[in-house]
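Below are the chains, spelled out letter by letter.
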Amino acid sequence: MEAPKELVSIDTILDYCKEQVENRIPVPPSIWLDWSWKLDSLLGDLDEDLVKAELAYNRLIANSIKEGQSATAAKLLAKATEEYAEFQRLVAKRDRVYEFIRIAKKRTEVRL
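The written sequence of each chain sets the order in which its residues are numbered from 1. Where totals are concerned, whole chains, interfaces and linings use all residues; where local detail is concerned, this predicted model gives features only for residues with pLDDT of at least 70, and gives and counts side-chain atom pairs only at 80 or more. Excluding hydrogens and water, the side-chain figures rest on all heavy atoms present in the structure.

What about the overall build of the chain?
Threshold: Note on conventions: DSSP H or I runs of at least 4 residues are helices, E runs of at least 2 residues are strands, and numbering of each starts at the N terminus. This radius of gyration counts C-alpha atoms alone. The globule rule is 2.2 Å times how many residues there are, raised to the power 0.38. Partly exposed residues are those whose accessible area sits between 20% and 50% of the maximum for their type, while under 20% is buried and over 50% is exposed, using a 1.4 Å probe and protein chains only. By definition in these notes, contact holds between two residues if any of their heavy atoms fall within 4.5 Å. In this tally, Asp and Glu contribute negative charge and Lys and Arg positive charge; neither His nor the terminal groups of the chain are included. The atom standing in for a charge is NZ when the residue is Lys, CZ when it is Arg, CG when it is Asp and CD when it is Glu.
Secondary structure summary: the chain contains four helices and zero strands in total. Reading the helices (α) and strands (β) of the chain from amino to carboxyl end gives α-α-α-α. For 112 residues, the compact-globule estimate of 2.2 N^0.38 gives 13 Å, and the chain exceeds it by more than 25% at 19 Å. Reported as C-alpha extents along the three principal axes, the dimensions of the chain are approximately 60 × 25 × 25 Å. The buried share of the chain, reckoned over its 112 residues, is 33%. Partitioning the intrachain contacts of the chain with sequence separation of at least 6 by distance along the chain shows that 71% fall at a separation of at least 24. Side-chain charges in the chain split into 18 positive and 20 negative, and the spacing between the mean points of these groups amounts to 5 Å.

The structure is reproduced here in structure tokens:
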């Protein structure tokens, strides 16, 4: 089994892996290792997106406080925005990538 050559983003790698799991297709250790290496290489881009999303969320809070709202109210209102939702999606994606890499390492250890 050979991994597709077009796996160039975190999303495409995770989607392809999910497809393999859903279809109960066994994946050799070498592919797990290849995926984890690619994901690790792409983490910098995800981290940059995460920083931007957190900054946007924090700016919402800061602007609300400048307008006279309490910090608690500002945080509550900011959590109801798309900026906060995007920030949380990116945090969850980063956590999935870290877990995937951890599992891939274990998977390759078991088979080697």
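A look at the pattern of salt bridges
Put simply, the test is: Salt-bridge detection follows one rule: a side-chain nitrogen of Lys or Arg within 4 Å of a carboxyl oxygen of Asp or Glu.
In total, this model carries seven salt bridges according to the counting rule given. With its nearest N and O atoms 2.3 Å apart, the salt bridge here joins E82 to R89. The class of R89 is partly exposed, set by a relative accessible area of 43%. Here R94 makes a salt bridge to D95, at a shortest N to O gap of 3.8 Å. Judged by relative accessible area, D95 falls into the partly exposed class, the value being 41%. Connected via shared salt-bridge partners are E82, E86 and R89.

Quick notes on a negative patch on the surface
Applied cut-off: Candidates for patches are residues over 30% relative accessible area with no salt bridge; among them, like charges are joined within 9 Å and nonpolar side chains (Val, Leu, Ile, Met, Phe, Trp, Tyr) within 5 Å. To measure how exposed things are, a 1.4 Å probe is used in the Shrake-Rupley method; for residues, cover is taken only from the protein chains shown.
Negative charge collects at one region of the surface, where D45, D47, E48 and D49 lie side by side. With respect to the helices and strands, the residue D49 is situated in helix α2 (residues 29-66). Accessibility expressed as a relative area gives 38% for D49, which makes it partly exposed.

Observations regarding the packing of helix α1 (residues 10-22) against α2
The criterion, for reference: Axis lines are fitted through C-alpha atoms, for helices just across the contact stretch, and the angle between N-to-C directions can take any value from 0 to 180 degrees. By convention the crossing between two helices is left-handed if the near helix lies anticlockwise of the far one by an angle smaller than a right angle, and right-handed if it lies clockwise. Basically, the charged four are Asp, Glu, Lys and Arg, the nonpolar ten are Ala, Val, Leu, Ile, Met, Phe, Trp, Tyr, Cys and Pro, and anything else, Gly included, counts as polar.
Between α1 and α2, the shortest axis-to-axis distance is 9 Å and the interhelical angle comes to 140°. Judged by the twist between their axes, the crossing of α1 over α2 is left-handed. The segment α1 lies against α2, with I10, I13, L14, Y16, C17 and Q20 engaging W35, K38, L39, L42, L43 and L46. Of the residues assigned to the contact of α1 with α2, the class counts are 10 nonpolar, one polar and one charged.

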